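One letter stands for each residue in the lines below.
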Amino acid sequence: MAKVLGLGGVFFKAEDPAAVRAWYARVLGFEVLDWGGVVFKHPRSGETNWSPFAADTHYFEPSQAPFMINFIVDDLDGVLAKAAAEGVEPTGRQDEDMGRFAWLLDPAGVKIELWEPRDSGFEA
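Procedures and definitions
- Residues numbered from 1 in each chain as written.
- Predicted model: local features only at pLDDT ≥ 70, side-chain atom pairs only at ≥ 80, totals over all residues.
- Heavy atoms only, no water.
- Phe/Tyr/Trp six-rings, centres within 6.5 Å; stacked < 30°, edge-to-face > 60°.
- Helix = DSSP H or I, 4+ residues; strand = E, 2+ residues; numbered from the N terminus.
- Lys NZ or Arg CZ within 6 Å of the ring centre and 35° of its normal.
- Pairing = 2+ DSSP bridges.
- Axes fitted to C-alpha atoms, helices over the stretch in contact; angles between N-to-C directions.
- Contact = heavy atoms within 4.5 Å.
- Polar contact = N/O pair within 3.5 Å; in protein donor to acceptor, adjacent residues only side chain to side chain.
- Core = buried A, V, L, I, M, F, W, Y, C linked by side-chain atoms within 4.5 Å.
- Buried < 20%, exposed > 50% of the residue type's maximum accessible area, 1.4 Å probe, protein only.

## A short note on the packing of aromatic side chains
Taken as a whole and assessed by the stated rule, the structure comprises 13 aromatic pairs. Both rings, one in phenylalanine 30 and one in phenylalanine 40, keep their centres 5.2 Å apart while their planes meet at 80 degrees; by these two values the pair is edge-to-face. Pair noted here: phenylalanine 30 is in the loop between helix H1 (17–28) and strand S1 (68–72) and phenylalanine 40 is in the loop between H1 and S1, with a separation of 10 residues, a long-range link. Each member of the aromatic cluster is reached from another via a ring pair, and the members are Phe53, Tyr59, Phe60, Phe101, Trp103 and Trp115. Here lysine 111 stacks its cationic end above the ring of tyrosine 59, 4.9 Å away from the centre of that ring.

Structure, rendered in structure tokens:
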């Protein structure tokens, strides 16, 4: 049966795409390729989720964008230290059963959710 297997990409508009690419490279360590995007191999842990939210949700705040991007990270504290070195502070942090979370805003005003999953035993 034909079905969707996972997240294939995140595409969005930005007033200054070059500045947004540079921010992601500096702050989150993205390896931006010549064509202007990034290719991620499947991580060793975590999963991709898809979930519509109610139109009046406050979860994406303080962003005004109608979406949020979640990235799996292997070392939340390390990523946040790198972000702090670039002058980017999290808008919040939370630990829960499924892992550790923190949130940033990118230069386009998009809320970024960073997720360090609890050890799931999954091997790629």
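## Let's talk about the sheet that holds strand S3 (residues 99–105)
Ordered by their spatial adjacency, four strands build an open sheet running S1-S4-S3-S2, and the pairing between neighbours is mixed. The open sheet has two edge strands with one neighbour each: S1 and strand S2 (92–96). Shown here is a sheet whose adjacent strand axes are inclined to one another by a mean of 20 degrees, direction ignored. As judged from the seven bridges shared by S3 and strand S4 (residues 111–117), these two strands associate in the antiparallel manner. Across the sheet, residue arginine 100 finds its bridge partner in S4, namely glutamate 116. Sitting on the sheet, H1 is in contact with S1, S3 and S4, with an inclination near 140 degrees to S3. Each of S2, S3 and S4 is contacted by helix H2 (residues 76–85), which is oriented at about 15 degrees to S3, the strand it contacts most.

## Regarding the side chain of arginine 100
Looking at the secondary structure, you find arginine 100 in strand S3. Within polar-contact distance, the side chain of arginine 100 engages the side chain of aspartate 77 at 2.8 Å. Excluding residues that lie within four positions of it along the chain, arginine 100 makes contacts with Leu76, Asp77, Arg93, Gln94, Asp95, Leu114, Trp115, Glu116 and Arg118.

## Some remarks on the nonpolar core
Within the largest apolar cluster, 20 residues are counted, with the highest numbers of intra-cluster contacts made by Tyr24, Leu28, Phe71, Leu104, Ile112 and Leu114. Breaking this core down by element, the ones donating at least two residues are H1, S1, H2, S3 and S4. Considering every element that reaches this core, the biggest residue donor is H1, with five residues. Not counting chain neighbours up to four residues away, the residues in contact with leucine 114 comprise Leu28, Phe71, Val73, Leu76, Val79, Leu80, Arg100, Phe101, Ala102 and Leu104. The next biggest cluster of nonpolar side chains, apart from the first, holds five residues, and it includes Phe60, Met68, Phe101 and Trp115.

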